[in-house]
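Geometric and topological summary
Each chain, written out:
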Amino acid sequence: MSETFRRDESRSPPRSPRVGPAGRIAYTAAQAARVAWFFGQYALAARISGPNIPRERRPAGLRMPDTRGVLAELRALMERDLANIEAGCYRLPHDLIPSPAKVMADAAAFFRDLPEVTRRRRGQVGTEVRAKPPPGSETLPAYYRQNFHFQTDGYLSERSARLYDHQVEVLFGGGADAMRRHALVPIFEHLRTRTVADSRLLDVAAGTGRFLTFVKDNWPRLDTTALDLSHAYLAEARRNLAPWARTTRVVQAAAEALPVPDASQDVVTCIYLFHELPRKVRAQVAAEWARVLKPGGIAVFMDSLQRGDNPVMDGLIELFPIAFHEPFYADYARQDLGALFAGAGLPVRSVTPAFMSKVVVLEKPVS
Ligand SMILES: C[S@@+](CC[C@H](N)C(=O)[O-])C[C@H]1O[C@@H](n2cnc3c(N)ncnc32)[C@H](O)[C@@H]1O
């Protein structure tokens, strides 16, 4: 293979197989089954455990979206996901049709764990992990040592790491992966004019590496770092990213003190972290992105919608932190993110809603 040809190949955008009628039907059928599966589990869990918040604890006068409204928003999300795939921004997901054995095992584990989650939710027990700290966790920041979502062991055990992706999909009615894939669009736009094999992407708070599996679906040669505070979640990420181990680094570190050289990254991504950080730490993390990005590099931020982004969702935004133990979420939901990022030297280039989340693209100025 000639040098020239190799360079051309690495510059090219991901070649999304043209999604013909068969691909479109496969996508639509798979996503319909997915929504039915996860939405069904959300409903079943609510039936088993009772309402997430007892009526007397609900803030008065909240307007909640009805199920039909939420399903319509989910359908619109999936339509945009498919449109992005058809436009060649990214490929059909590698596990569009997941293994039935895994799907069943994950659901069984979720329901086995549910009574423990319900016990914590009923008692509003959000810091149980501090009572029996897993070895090595004592030095982690106090804000982090919580049972976020009332989940068993917080982020501090292998069991929690194994359950996490399934729990998130149940929470979002099967829409979590489609939301995450919306963050691939700005990466596609950024990398299409660059040599992929010479570019670097850092995923901050990578969790189990789920988002990075979609990144790697599309840019397997991209030099990629998965960074997180949780040893257990990173072990899961290492398993999930094993097919791309040659170009993937896994780093246990805090987002507010990245062990990454200045101006070394073309793209920084961060999905569903900021609502779990105190305000002061959010500012430190944003400053770290500005430090490690190359001039002209982008940060692709994804997190929950904030209050007022989509008034239909405002009731859910009020209830979420109470129902899912999210001590910093209410503050996140009203923070001016544009001001936060501008203060760090990262002006906002675009904001794109994606169901219950939004993608915010930030750019480090060239000079
Ligand atoms: C809600 S999960 C999001 C995980 C993943 N990005 C996703 O798309 O699902 C939050 C993640 O942030 C990590 N995390 C929280 N605070 C952190 C910090 N200060 N530094 C690094 N990782 C952190 C947690 O360990 C967890 O994996």
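Residues numbered from 1 in each chain as written. Predicted model: local features only at pLDDT ≥ 70, side-chain atom pairs only at ≥ 80, totals over all residues. Heavy atoms only, no water.

Overview of the overall build of the protein chain
Secondary structure assignment for the protein chain yields 14 helices and 7 strands. For 367 residues, the compact-globule estimate of 2.2 N^0.38 gives 21 Å, and the C-alpha radius of gyration of the protein chain, at 20 Å, lies within 12% of that figure. Taken along the three principal axes of its C-alpha coordinates, the protein chain extends 70 × 50 × 40 Å. When burial is assessed residue by residue, the protein chain has 53% of its 367 residues classed as buried. The long-range share in the protein chain, meaning contacts at least 24 apart out of those at least 6 apart in sequence, stands at 77%. For the protein chain, the exposed surface amounts to about 16700 Å²; the carbon and sulfur share of it is 57%. Within the protein chain, one finds 49 positive and 40 negative side-chain charges whose respective centroids are separated by 1 Å. (Helix = DSSP H or I, 4+ residues; strand = E, 2+ residues; numbered from the N terminus. Rg over C-alpha atoms; globule rule 2.2 N^0.38 Å. Buried < 20%, exposed > 50% of the residue type's maximum accessible area, 1.4 Å probe, protein only. Contact = heavy atoms within 4.5 Å. Areas by Shrake-Rupley, 256 points an atom, 1.4 Å probe, with all protein chains shown as cover. Lys, Arg positive; Asp, Glu negative; His and termini not counted. Charge placed at Lys NZ, Arg CZ, Asp CG, Glu CD.)

What about the sheet that holds strand 2 (residues 223-228)?
Pairing in this open sheet of 7 strands is mixed, and the strands run 3-2-1-4-5-7-6 from one edge to the other. Edge positions in the open sheet fall to strand 3 (248-252) and strand 6 (348-354), since each of these has one partner strand only. Averaged over neighbouring strand pairs, the angle between their axes works out to 15° when direction is ignored. With 4 bridges connecting them, strand 1 (residues 200-204) and strand 4 (residues 265-271) associate as parallel partners. Looking across to strand 4, one finds that Leu-201 is bridged to Val-267. (Pairing = 2+ DSSP bridges. Axes fitted to C-alpha atoms, helices over the stretch in contact; angles between N-to-C directions.)

A look at the site of the ligand
Every one of the 21 residues lining the ligand counts as a neighbour, but Tyr-143, Tyr-144, Tyr-164, Ala-205 and Asp-228 are closest to it. A distance of 2.9 Å separates an oxygen atom of the ligand from a polar side-chain atom of Arg-180. Here Glu-256 contributes a side-chain N or O atom positioned 2.9 Å from a nitrogen atom of the ligand. Summarising the interface, the protein chains cover 99% of the accessible area of the ligand, which totals 590 Å² for the free molecule. (Near = heavy atom within 4 Å. Polar contact = N/O pair within 3.5 Å; in protein donor to acceptor, adjacent residues only side chain to side chain.)

With respect to the pattern of salt bridges
The final tally for this structure, using the stated rule, is 24 salt bridges. Of the charged contacts, one joins Glu-236 and Arg-162 as a salt bridge, the two residues approaching to 3.5 Å between their closest N and O atoms. Highlighted residues: Glu-236 in helix 10 (residues 231-240) and Arg-162 in helix 6 (residues 158-171), separated in sequence by 74 residues. Look at Glu-236 and you get buried, because its relative accessible area is 10%. Across the pair Arg-291 and Glu-288 runs a salt bridge whose closest N-O atoms are separated by 2.8 Å. With Arg-291 and Glu-288 both in helix 11 (residues 279-292) and 3 residues apart, the pair spans about one turn of that helix. (Salt bridge = Lys/Arg side-chain N within 4 Å of Asp/Glu carboxyl O.)

Quick word on the nonpolar core
One finds Ile-187, Val-204, Phe-274, Trp-289 and Phe-341 to be the most contacted residues of the largest nonpolar core, which totals 101 residues. If we ignore the near neighbours within four places in the chain, the residues touching Phe-341 are Phe-274, Ala-286, Trp-289, Phe-301, Leu-346 and Leu-362. By size, the runner-up hydrophobic cluster in this structure holds 5 residues, among which are Phe-38, Ala-45, Leu-114 and Val-170. (Core = buried A, V, L, I, M, F, W, Y, C linked by side-chain atoms within 4.5 Å.)

A short note on the confidence of the model for the protein chain
Model confidence for the protein chain is summarised by a mean pLDDT of 92, while 95% of its residues fall at 70 or above. Predicted confidence is poor over residues 1-13, with pLDDT under 50, and the contacts of this stretch with residues over four places away or in other chains come to 13 contacts. (pLDDT = per-residue confidence, 0-100.)

Points about the packing of helix 6 against helix 10
Packing of helix 6 against helix 10 brings their axes to within 8 Å, and their N-to-C directions diverge by 55°. Between helix 6 and helix 10, the angle falls in the class oblique. Judged by the sense of rotation from one axis to the other, the crossing of helix 6 with helix 10 is right-handed. Here Glu-158, Ser-160, Ala-161, Arg-162, Tyr-164 and Asp-165 of helix 6 lie close against helix 10, whose contacting residues are Ala-232, Tyr-233, Glu-236, Arg-239 and Asn-240. Partitioning the contact of helix 6 with helix 10 into residue classes produces 4 nonpolar, 2 polar and 5 charged. (Parallel < 35°, antiparallel > 145°, perpendicular 65-115°, else oblique. Left-handed = near helix turned anticlockwise from the far one by under 90°. Nonpolar A, V, L, I, M, F, W, Y, C, P; charged D, E, K, R; others polar.)

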